[in-house]
Amino acid sequence: MFIIDITYTAPTERMDELLPDHLAWLEKGRDAGRFVAWGRKVPRTGGMVFAVGMRNEIEAEAQRDPFVANGAASVTVIEFDAKFAAEGLEALQR
């Protein structure tokens, strides 16, 4: 399991401009079975994506995020070895 930690580096207005492309990227990752959860940080300074797969694939995918690819955000990929997941969250243990 990997956490794609996205931090905005551009003003919110720029993030809003890129949001439709970012959402399409998220949905493509979900449809491929790679992204299992995502959401915004509170306050709105970025977001996180929970992803499964090989590290090199996840790192490459993180760079394709339109926020990152357009220089509006930085990204860190964190490996997370889930030892427990509550009922219904089994995908977090992949």
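In case you missed it, the structure is sitting above this.
Below is a summary of the structure that appears in this document. What you are looking at is a predicted structure, and each value in this text was computed from that prediction instead of being measured.

Scanning the entire structure with this criterion turns up 2 aromatic pairs. Seen from their ring centres, Y8 and F67 are 5.6 Å apart, and the 85° between their planes marks the pair as edge-to-face. Of this pair, Y8 sits in strand β1 (residues 2-8) while F67 sits in helix α3 (residues 66-69), and the two are 59 residues apart along the sequence. Considered together, Y8 and F67 belong to a single accessibility category, that of buried residues.

To continue, consider the pairing of β1. Most of β1 sits out of view: 6 of its 7 residues are buried. For β1 and strand β3 (residues 46-51), the ladder comprises 6 bridges, and the chain directions are antiparallel. From the neighbouring strand, I4 faces β3, where its bridge partner is V49. In the sheet, β1 pairs with strand β4 (residues 73-79) via 7 bridges, with the strands oriented antiparallel. Paired with I4 across the bridge in β4 is V77.

We now examine the sheet that holds strand β2 (residues 35-40). Spatial strand order, β2-β3-β1-β4: 4 strands in an open sheet with antiparallel pairing. Whereas interior strands pair on both sides, the edge strands pair on one side only; in this sheet they are β2 and β4. For this sheet, the mean angle separating the axes of adjacent strands, direction not counted, is 15°. Most of the contacts of helix α1 (residues 12-31) go to β2, to which it runs at about 160°, and overall it touches β1, β2, β3 and β4. Sheet strands in contact with helix α2 (residues 55-64) are β1, β2, β3 and β4, and its direction is about 165° off that of β4.

Conventions adopted
Residues numbered from 1 in each chain as written. Predicted model: local features only at pLDDT ≥ 70, side-chain atom pairs only at ≥ 80, totals over all residues. Heavy atoms only, no water. Phe/Tyr/Trp six-rings, centres within 6.5 Å; stacked < 30°, edge-to-face > 60°. Helix = DSSP H or I, 4+ residues; strand = E, 2+ residues; numbered from the N terminus. Buried < 20%, exposed > 50% of the residue type's maximum accessible area, 1.4 Å probe, protein only. Pairing = 2+ DSSP bridges. Axes fitted to C-alpha atoms, helices over the stretch in contact; angles between N-to-C directions. Contact = heavy atoms within 4.5 Å.

Geometric descriptors of this kind do not, in isolation, establish any biological role.
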